[in-house]
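Examining the three-dimensional arrangement
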Amino acid sequence: PPNIVVCEDAQAASRKVAEIIIATIAEKPASVLGLATGSTPIRTYELLVDAFRDERVDFSQATSFNLDEYVGLAPKHPQSFRCFMDDHLFKHVNFSPMRTYVPDGSAADPAAHAKLYDDEIRMVGGVDCQLLGIGHNGHIGFNEPGSLPDSRTSVVDLAELTIRKNARFFDSADQVPRRAITMGIGTILESRHIVLLATGKSKAKVVAQAFEQSPSVDLPASWLQTHDHVTVVLDNDAATVE
Ligand code: GLP
């Protein structure tokens, strides 16, 4: 069963996740980190930047693979996940630029690029610690309801709910790309340690469903129950179903 850690508030939960990542790198400086975007991990990244400035973490030997990217957005597009990662983490710390991987949404052949990305994760020896958020429909990465538990990194269609939720980052919903490249659920489940962070009341219901109901294709995050080293970090709000 997952190890569920409930923290007082989002700040404490973010700190817990940052400390897990710092400990991962302390133990193995050449760790492969799986990283996530969305609002949820932003505070964790800020804390990692602080830790780097205090010389409590060194990313110089580490590698990172992000979960996903919108198809059609070039790395330099301000709403791309590559840009998000540069802004929130990469440009403030000392990863080797050659070792921060984010799928390229502008690849000429997105399906081939996705397959190559999956191969690259394997070639570096797999992910040591994979950070995840969770969507309101239970998606992880961009694996929407209906995704299979053995899916690999591929091009997927976004759910209507995801497009609507993510419209807040664009001028309007019709500017949100309809497809993404995402690590598959099978790819994610090969990570040695998976850390899911969820904060806020709006996530309480889906978190409870993901870890209290049997695994099902209707709720992608529920497959995490089949993994033997998952840490779920919640704040009080996300841990409490009203
Ligand atoms: C996004 C991402 C996910 C993320 C989720 C929740 O669209 N592809 O990786 O976990 O939605 O986002 P938020 O943290 O903003 O609630």
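Along each chain, residue indices are assigned from 1 in the same order as the chain's sequence is written. In keeping with the predicted nature of the model, local features appear solely for residues at pLDDT of at least 70, side-chain atom pairs appear and are counted solely at 80 or more, and the whole-chain, interface and lining totals rest on all residues.

Considering the UniProt feature "active site" (unreviewed entry) in the protein chain
- Annotation from UniProt places "active site" (unreviewed entry) at Asp68, Asn137, His139 and Glu144.
- Within the secondary structure, Asn137 is located in the loop between strand S6 (129-132) and strand S7 (154-157).
- On the basis of neighbour count, Asn137 is assigned to the partly exposed category, with 17 C-beta atoms found within 10 Å.
- Residue pairs qualify as contacts under a 7 Å threshold applied to their C-beta atoms, which are placed from the backbone. Filtering out sequence-adjacent residues up to four positions away, Asn137 remains in contact with Glu144, Pro145, Ala159 and Leu161.
- Along the chain, the position of Glu144 falls in the loop between S6 and S7.
- Setting aside anything within four residues of it in sequence, one finds Glu144 in contact with Asn137, His139, Val156, Leu158, Ala159, Thr162 and Pro220. UniProt positions are given in the numbering used here, feature names are shortened, and annotations may be inferred rather than shown by experiment. A run of H or I in DSSP counts as a helix once it spans at least four residues, and a run of E counts as a strand once it spans at least two, with each numbered from the N terminus. Any residue with 12 or fewer other C-beta atoms within 10 Å of its own C-beta is exposed, any with 20 or more is buried, and the rest are partly exposed; the C-beta atoms used are placed from the backbone.

Focus: the nonpolar core
- Ile134, Val195, Leu196, Val207 and Leu234 are the most contacted members of the largest nonpolar core, which has 66 residues in total.
- When residues of this core are assigned to their parent elements, the largest contribution, 6 residues, is made by helix H1 (residues 10-27).
- Not counting chain neighbours up to four residues away, the residues in contact with Leu234 comprise Ile4, Val6, Cys7, Ala13, Ala198, Val207 and Ala239. Take the buried Ala, Val, Leu, Ile, Met, Phe, Trp, Tyr and Cys residues, join any whose C-beta atoms are within 7 Å, and the set you get is a nonpolar core.

Regarding the site of the ligand
- Each residue gets a C-beta atom placed from its backbone. If that atom is within 6 Å of a molecule or strand, the residue is near it. Near the ligand there are 14 residues, and of these Gly38, Ser39, Thr40, Gly133 and Gly135 occur at the shortest range.
- For the shell around the ligand, the per-class residue count stands at 4 nonpolar, 9 polar and 1 charged. Polar here means any residue other than Ala, Val, Leu, Ile, Met, Phe, Trp, Tyr, Cys and Pro, which are nonpolar, and Asp, Glu, Lys and Arg, which are charged; Gly is therefore polar.

Examining the sheet that holds strand S4 (residues 68-70)
- Strands are labelled as partners when DSSP assigns at least two bridges between them. The strand order across the open sheet built from 3 strands is S4-S8-S7, with neighbouring strands paired in antiparallel fashion. Each edge of the sheet is formed by a strand with only one pairing partner; in this case those strands are S4 and S7. Averaged over all adjacent pairs, the angle separating strand axes in this sheet is 30°, with direction ignored.
- Of the strand pairs in this sheet, S4 and strand S8 (residues 179-182) are connected by 3 bridges, and their pairing is antiparallel. Axis definition: a line fitted to C-alpha atoms, over the contacting stretch in the case of helices. Angles run 0 to 180 degrees between N-to-C directions.

What about the pairing of strand S9 (residues 193-198)?
- Counted residue by residue, S9 has 5 buried out of 6 residues, so it is predominantly covered.
- Here S6 pairs with S9 via 4 bridges, running parallel. If you follow Leu132 over to S9, its bridge partner there is Leu196.
- The pairing of S9 with strand S10 (residues 230-235) spans 5 bridges and is classified as parallel. Its bridge partner lying in S10, Ile194 is registered against Val230.
- We call a crossover right-handed when, viewed with both strands directed away from the observer, the connection leading from the first strand over the helix to the second proceeds clockwise. In this fold, the crossover linking S9 to S10 by way of helix H7 (residues 204-212) has right-handed handedness.

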